[in-house]
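Notes for the structure review
Residues per chain, in single letters:
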Amino acid sequence: MKNFILGLAVLSTVMMKAQTQIIAHRGYFQAQPPTTENSIQSLENAQKLKIYGAEFDVRMTKDGVLVINHDEHHGKMEISETLFKELEALKLSNGEKFPTLKDYLKQGKKDKSLKLIVEIKPAKTPEIENEITQKTIKMIKDMKLESQSEFISFSLNICKEIKKLAPSFKVQYLNGELSPEQIKQEGLDGMDYHYSVFQKNPTWIADAKALGLITNAWTVNDAAVYDELKKQGIGFVTTNIPDQLKNK
């Protein structure tokens, strides 16, 4: 009987590990009340949901400050060509101050159970990309957030630079054109592709898993698409509706 109970416990643990995990896209901003994507409040909302992680976007200002913003522009200002003090003068639509990476990581550190999915945005040159990557990794290490942080990027250069500087960090590529075999050859940990890429390449999830790669899909805001990916055994989905998908 003891062996039977132990077997059930092991099976339960395996099944839990095999379940598709949920990542909040730019935090959980479609909450009640709603807030702004990539805001500190959206990160707090994600922390309350008790999901796997929250994704956010890192850019660098003209004077080298790392900030959180999805688009190249904050208001009408191009972030890479604008000083931080000018950007900071324009608040987010929810009234928060324009967040720095340091602000965001400080909030993230308050809940160690939520993974911080750091998307480093492509820059105008490989040299600038390398600088942003180096500064981001240094800040994460200085704040002792290595075990809580995972990385994604549309730039293959950034992905490879992360692995070069910090080989133990998990890094997934976003762009969608590389097969699981190519991801493995590049020395990366996984593929985080738009869900349509997996629909067009129905064997890729299974192929990636066979190679020991992480599989993730963005941005899954349709329960039917989520169910389809889950049946294929995808590891993670990134979504604007984490509250709706987390118990499905």
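Computed from a prediction, not measured in an experiment: that's the story for all the values here. (Residues numbered from 1 in each chain as written. Predicted model: local features only at pLDDT ≥ 70, side-chain atom pairs only at ≥ 80, totals over all residues. Heavy atoms only, no water.)

Turning next to the pairing of strand S2 (residues 53-60). Within S2, eight of the eight residues are buried, which leaves the element mostly enclosed by the surrounding structure. Neither face of S2 is left uncovered, since the one carrying Gly 53, Glu 55, Asp 57 and Arg 59 and the one carrying Ala 54, Phe 56, Val 58 and Met 60 both have all their residues buried. As defined by bridge partners, strand S1 (residues 21-24) adjoins S2 across two bridges and the pair is classed as parallel. Directly across from Ala 24, in S2, lies its bridge partner Ala 54. Where S2 meets strand S6 (residues 115-120), six bridges bridge the pair, whose relative direction is parallel. Paired with Phe 56 across the two strands is Val 118, which belongs to S6. Relative to strand S3 (residues 66-68), S2 runs antiparallel, the two sharing three bridges. (Buried < 20%, exposed > 50% of the residue type's maximum accessible area, 1.4 Å probe, protein only. Helix = DSSP H or I, 4+ residues; strand = E, 2+ residues; numbered from the N terminus. Pairing = 2+ DSSP bridges.)

In this section: the environment of Lys 109. By the element assignment, Lys 109 lies in the loop between helix H4 (101-108) and S6. Lys 109 sits 34 residues away from Met 143 along the chain, and the two C-alpha atoms are 8.5 Å apart. Excluding residues within four positions of it along the chain, Lys 109 makes contact with Met 143, Lys 144, Leu 145 and Gln 148. One polar contact links the side chain of Lys 109 to the main-chain carbonyl oxygen of Met 143, over a distance of 2.6 Å. (Contact = heavy atoms within 4.5 Å. Polar contact = N/O pair within 3.5 Å; in protein donor to acceptor, adjacent residues only side chain to side chain.)

Okay, the pattern of salt bridges next. Counted by the stated rule, this structure contains 13 salt bridges. Of the charged contacts, one joins Lys 121 and Asp 57 as a salt bridge, the two residues approaching to 3.8 Å between their closest N and O atoms. Of the two residues, Lys 121 is situated in the loop between S6 and helix H5 (126-142) and Asp 57 in strand S2; the sequence distance between them amounts to 64 residues. Neither residue differs from the other here; Lys 121 and Asp 57 are each classed as buried. Linking Lys 164 and Glu 161 is a salt bridge whose minimum nitrogen-to-oxygen distance equals 3.8 Å. With Lys 164 and Glu 161 both in helix H6 (residues 156-165) and three residues apart, this pair spans about one turn of that helix. A residue is classified by how much of its surface remains accessible, and Glu 161, at 6% relative accessible area, is buried. (Salt bridge = Lys/Arg side-chain N within 4 Å of Asp/Glu carboxyl O.)

Side chains Phe 236 and Thr 238 of strand S11 (residues 236-239) all project onto a buried face; the interleaved residues Val 237 and Thr 239 project onto the opposite face, where all are buried too. Of the strand pairs in this sheet, S1 and S11 are connected by four bridges, and their pairing is parallel. Note that in S11 the partner of Ala 24 across the bridge is Thr 239. Taking the sense of rotation as the criterion, the β-α-β connection linking strand S10 (residues 214-218), helix H10 (residues 223-231) and S11 turns out right-handed. (Right-handed = clockwise from strand over helix to strand, strands pointing away.)

It is worth spelling out the side chain of Glu 55 at this point. The residue Glu 55 is located in strand S2 in this model. We note that Glu 55 is buried and unpaired, the nearest opposite charge coming from Arg 26 at a distance of 4.9 Å. Within the local environment of Glu 55, its side chain forms a polar contact with the backbone nitrogen of Arg 26, the two atoms lying 2.8 Å apart. Excluding anything up to four places from it in sequence, Glu 55 contacts Ile 23, Ala 24, His 25, Arg 26, Gly 27, Asn 38, Ile 117, Glu 119 and Ile 152. (Lys, Arg positive; Asp, Glu negative; His and termini not counted.)

A word on H10. Among all positions in H10, only Val 225, Tyr 226 and Leu 229 are buried. Angularly, the buried residues of H10 cover 100 degrees about the axis, an arc narrow enough to put them on a single face. Residues of H10 that are exposed and angled more than 90 degrees away from the buried face: Ala 224 and Lys 231. Buried residues belonging to H10 abut S1, helix H8 (195-200), helix H9 (204-210), S10, S11 and helix H11 (242-245). The distance from a side-chain oxygen at the start of H10 to the backbone nitrogen of Ala 224 is 2.7 Å, and the residue carrying that oxygen is Asp 222. Immediately beyond the C-terminal end of H10, within one or two residues, lies Gly 233, with a positive phi of roughly 90 degrees. (Arc of directions from axis to C-beta.)

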